Amino acid sequence: MFVARSIAADHKDLIHDVSFDFHGRRMATCSSDQSVKVWDKSESGDWHCTASWKTHSGSVWRVTWAHPEFGQVLASCSFDRTAAVWEEIVGESNDKLRGQSHWVKRTTLVDSRTSVTDVKFAPKHMGLMLATCSADGIVRIYEAPDVMNLSQWSLQHEISCKLSCSCISWNPSSSRAHSPMIAVGSDDSSPNAMAKVQIFEYNENTRKYAKAETLMTVTDPVHDIAFAPNLGRSFHILAVATKDVRIFTLKPVRKELTSSGGPTKFEIHIVAQFDNHNSQVWRVSWNITGTVLASSGDDGCVRLWKANYMDNWKCTGILKGNGSPVSGNSQQGNSTPSLGSNIPNLQNSLNGSSSGRKHS
Amino acid sequence: MSGTKPDILWAPHQVDRFVVCDSELSLYHVESTVNSELKAGSLRLSEDSAATLLSINSDTPYMKCVAWYLNYDPECLLAVGQANGRVVLTSLGQDHNSKFKDLIGKEFVPKHARQCNTLAWNPLDSNWLAAGLDKHRADFSVLIWDICSKYTPDIVPMEKVRLSAGETETSLLVTKPLYELGQNDACLSLCWLPRDQKLLLAGMHRNLAIFDLRNTSQKMFVNTKAVQGVTVDPYFHDRVASFYEGQVAIWDLRKFEKPVLTLTEQPKPLTKVAWCPTRTGLLATLTRDSNIIRLYDMQHTPTPIGDETEPTIIERSVQPCDNYIASFAWHPTSQNRMIVVTPNRTMSDFTVFERISLAWSPITSLMWACGRHLYECAEEENDNSLEKDIATKMRLRALSRYGLDTEQVWRNYILAGNEDPQLKSLWYTLHFMKQYTEDMDQKSPGNKGSLVYAGIKSIVKSSLGMVESSRHNWSGLDKQADIQNLNEERILALQLCGWIKKGTDVDVGPFLNSLVQEGEWERAAAVALFNLDIRRAIQILNEGASSEKGDLNLNVVAMALSGYTDEKNSLWREMCSTLRLQLNNPYLCVMFAFLTSETGSYDGVLYENRVAVRDRVAFACKFLSDAQLNRYIEKLTNEMKEAGNLEGILLTGLTKDGVDLMESYVDRTGDVQTASYCMLQGSPLDVLKDERVQYWIENYRNLLDAWRFWHKRAEFDIHRSKLDPSSKPLAQVFVSCNFCGKSISYSCSSVPHQGRGFSQYGVSGSPTKSKVTSCPGCRKPLPRCALCLINMGTPVSSCPGGSKSDEKVDLSKDKKLAQFNNWFTWCHNCRHGGHAGHMLSWFRDHAECPVSACTCKCMQLDTTGNLVPAETVQP
């Protein structure tokens, strides 16, 4: 039976984030051990760690790649209240021969007074920009006006979300019809329930980000949020990881119908909602076409979701967190082989109820 | 732990054993069942583990609490606190000759009988056992016993009693504790502090107290209600958790005045709180009547005093079983593993997973991190699963040059994998469109050609009000039917539908033959019938029935057909119109619908959705009047647009309507590849300039880039520029002469912006340009190649170094590619350069620039430049 391959990560503590570069040839991981590791894929498909260095003085929550057009650039954010931008340089030593690369810190973004919980580079067509969000409830958008000088970053926007922020996602659409847009999720667990997902849109006239939408139905803490790659669709797809997996579509109402200048209005529909993880959902990630969603949750499983031609989303695969396939009597769904990602050891199931990993 | 509620404990050293205690003690052994069947008598704990009962001990009634001796003991020595306050040492072992033999059965008796609430072995001095008791007047409530102490002689009579009961080993009663603490108070929970073996933390009646055994008169205490279940974090020895009702308080012993934080209150009272022994900062809690174990993940080292950062706590919950949980226990060594027991003593063994973070790579493999481990689930190339995702499909199609066959356009659907009927329809439509456009252009080089790509909807519209119907004879039947006279437009429409071939001949014969050859008998028969050739239809059906793959039932259908009668009220008609709905094949169904329909109303045929759009449209063109036809086409077009059905491109063509249709197709499938190639097949420029079309093209190019299909991307760009010359990129680099500053390419081409001049420059195949090594403006020589030291512009003779012969072959494989060797290239950093071929071969073995004393690592500056296009890796 095919089982997911385990890679010796060699981090000394929990890994908090995994991120691929644009081509999928490089990967970065970050951990509570305060370090970031960069991995390169060899021609044979194996991953080799080519750099590992201490980046922060606290747990590193997230790491993300800039588009290669801006060079080999990473951003990380941490509990130590900072975010940092890193660039790979060609060292004077024979690093390359030893298979190691050298990364230098280009800047530290110190505006937050609390833990910086997420960092994301803006879509390429907006230039070299990045957004951070922090536990103090502020989303900050920085820009490097000169892409040749990564030590200069200016704080362009501060958006107050009024709630402790946990995650952000840029709308990846590069269509001129869509203004830059960013979605923010909050994991605030205080009992006075407020909507936990806010969407901000850039307004050309005021040159500011203004709230375009609030997903009123999401009132539980949100742990992750992800816009699907747009891929020429006329609407946007947003996945939300909260106490369940939710998928929303946001269809822009045609501009002519709305008053010009104001924020775009959206028709928002929830197209899927799954509580198969039984409890909290931690992460969501879209494949390159935005057609398969992967989610992870407190049941210790990775689940894959895919829509059929009728736009009905369903689970097309489950994998346990340790890579072993889900088997046994708790998965009596029709076990048609995998759809979607083509991963052979996935099984169709809609009723996985096991929690955690059963042990030997 | 009163009789009904079992507790559970892992052995501290023999990690495959645990004890369940309610009214008796049961020792279990855990075994893996991965490679073996479940043994008889064992209990399943999880999918891959089972427990076997080893022994039961019911010597100690009235158990209130149990603690496992912390030193290694093969005999499972346990201390049991009883309802009368006595603490008994007991064993679950079978071997009675161990060194602990003397200890087993020892009893430690307080002065006054009251309930024993808690027991704690000292982690360092393994003989010390602390017991916490209920209050009894002014008596002490915390007693520390030394299990090795001798019994006091004044209770010898008691011993005799036990001996007379037939005990083999000497029963020993101890009444003199080592220390007595907590006078005039009650003790609810205890734990030794790892900081020092003489520090004991106790949850007393209304306070938490730290007793120092070096000076028993002193104690440190803090008043609080949270006095139950005190437990110290095994990773941060200053961090302690305790609880009261539904609330957990976390304390820092360095600032003991108040809890550093309290966790969200639970509606039901807590019953157990325990730190994970294998992972930092993970606290598990359990409330009464709950099937959920709540976990608090404290991500950070408790910060020293003065730092007011809020600690990050992530609240999680796991549900190991469906029943309520009575108790749980962390495994002492297995990472994050715990066992739970329910009130009816079913047990479950499971591992708490760390939060998994995950990411998709662009080439559809999934990577996730769980704890400290990474897992990759890669795509299997040869996997022939039922349904591939569009991302995989597009990648495979890009590799098979899908969309690039511009001669035999229909073949693109074969390149696409020959599986999607909509794609088949689309590419046949585009094929016919291309064919007839060329046809039209040859015949009359006017405006008609563009009409073909505008789709049947426009074609039919352009012919409004010019057609009359006439009666035609059924061949082989004495009957007539109304058929529209076919004008030029309708013939074109039929041609686009594929029913008739090019030329003025309106014979469907060749089409029927091809259908028969492909085994589509039902469809062929239906088409024959619609062309009023019932004999041919019957003949086709017979043929189908007698062929190998055919269906014998076709004969029956043929029989039914041959019984056709024109009479309105005949039995045949009645039966056919009712029974036809039970036919599975849509074409058989519409045949009878057609035969039984009233003249002029063909809804049964026109609105049978399972029949291909092209057949329905062709049928409509033959039988509907102009007004009807327009209405029908309009309606069908809107339906197709709504559904994003690619068959509808036949109607809309590559017009704005077509873009609308394609938009719903892309919305539905994400297939920008088909959308891009389809629109690039022959759309007029204004359609091509549609924002949506441009956006699809951009997205598809972006996909190809992400996949490193750069050659495919380039091919796509070339393909695109054929239809849309404005999409050609401008020259990105100009080379100007050092001396006169003029572009060295300007004299070679009148349009230097096209970039053609530059590429021709220095090419060996242009002998007419004799002075290629000098600037065409000022005649000064061009810079020298850093390797061959010959002025650039000179053809490369051969590569330096004899060992490079293989690479020479490599590059000269394609003649066009070989010319690249002569190109100028230079490093943007150190400005040194030379012939591209020389430079490439140099950097294959070297990291530094070939110019002496220059240490620039030219090649490494561009990481993307070192990536290999994916097409060359995967054939």
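Residues numbered from 1 in each chain as written. Chains lettered and ligands numbered in written order. Predicted model: local features only at pLDDT ≥ 70, side-chain atom pairs only at ≥ 80, totals over all residues. Heavy atoms only, no water.

Per an unreviewed UniProt entry, chain B goes by the name GATOR2 complex protein MIOS and belongs to Dipodomys ordii. Of the comments in the UniProt record for chain B, the one headed Sequence similarities (unreviewed entry) reads "Belongs to the WD repeat mio family." Per UniProt, chain B has the following entry under Subcellular location (unreviewed entry): "Lysosome membrane". (UniProt positions renumbered as here; feature names shortened; annotations may be inferred.)

The name given to chain A in an unreviewed UniProt entry is Nucleoporin SEH1, and the organism recorded there is Dipodomys ordii. Check the Sequence similarities (unreviewed entry) section of the UniProt entry for chain A; it says "Belongs to the WD repeat SEC13 family."

**Student:** So what exactly am I meant to see when it comes to the overall build of chain A here?
**Tutor:** Broken down by element type, chain A carries zero helices and 26 strands. Split into buried and exposed, the 360 residues of chain A put 63% on the buried side. Taking contacts inside chain A between residues at least 6 apart in sequence as the whole, the part at least 24 apart equals 46%. Total accessible area on chain A is roughly 13,600 Å²; 49% of this is exposed by carbon and sulfur atoms. (Helix = DSSP H or I, 4+ residues; strand = E, 2+ residues; numbered from the N terminus. Buried < 20%, exposed > 50% of the residue type's maximum accessible area, 1.4 Å probe, protein only. Contact = heavy atoms within 4.5 Å. Areas by Shrake-Rupley, 256 points an atom, 1.4 Å probe, with all protein chains shown as cover.)

**Student:** Would you take a moment to explain the pairing of strand S24 (residues 301-307) of chain A for this structure?
**Tutor:** The side chains of a regular strand alternate, first on one face of the sheet and then on the other. Residue and element names in this part refer to chain A. When you tally the buried positions in S24, you get six out of seven residues, the bulk of the element. In the sheet, strand S23 (residues 292-297) pairs with S24 via five bridges, with the strands oriented antiparallel. Counterpart to Ser 296 in the pairing with S24 is Val 302. From the end of S23 to the start of S24, which pair antiparallel, there are three residues, and Gly 300 there has a positive phi angle of about 75°. In this structure, the hairpin formed by S24 and strand S25 (residues 313-320) is closed by a connection of five residues, where Asp 311 is found at a positive phi of approximately 65°. (Pairing = 2+ DSSP bridges.)

**Student:** Mind showing me how you'd approach the side chain of His 178 of chain A here?
**Tutor:** Residue and element names in this part refer to chain A. For His 178, the location among the structural elements is in the loop between strand S14 (165-170) and strand S15 (181-186). In this structure His 178 comes out as buried when scored by relative accessible area, which is 14%. Not counting chain neighbours up to four residues away, the residues in contact with His 178 comprise Ser 173, Asn 230, Arg 233, His 236 and Pro 252.

**Student:** In this structure, what is going on with the packing of helix H10 (residues 534-546) of chain B against helix H11 (residues 553-562) of chain B? I would like to understand it.
**Tutor:** Residue and element names in this part refer to chain B. With their axes 8 Å apart at the nearest point, H10 and H11 run at an angle of 165° to one another. When the axes of H10 and H11 are compared, the pair comes out roughly antiparallel. Judged by the sense of rotation from one axis to the other, the crossing of H10 with H11 is left-handed. Residue-level inspection shows Ile 534, Ala 537, Ile 538, Leu 541, Asn 542, Gly 544 and Ala 545 of H10 in contact with H11, the latter providing Leu 554, Asn 555, Val 557, Ala 558, Leu 561 and Ser 562. For the contact of H10 with H11, the residue count by class is nine nonpolar, four polar and no charged. (Axes fitted to C-alpha atoms, helices over the stretch in contact; angles between N-to-C directions. Parallel < 35°, antiparallel > 145°, perpendicular 65-115°, else oblique. Left-handed = near helix turned anticlockwise from the far one by under 90°. Nonpolar A, V, L, I, M, F, W, Y, C, P; charged D, E, K, R; others polar.)

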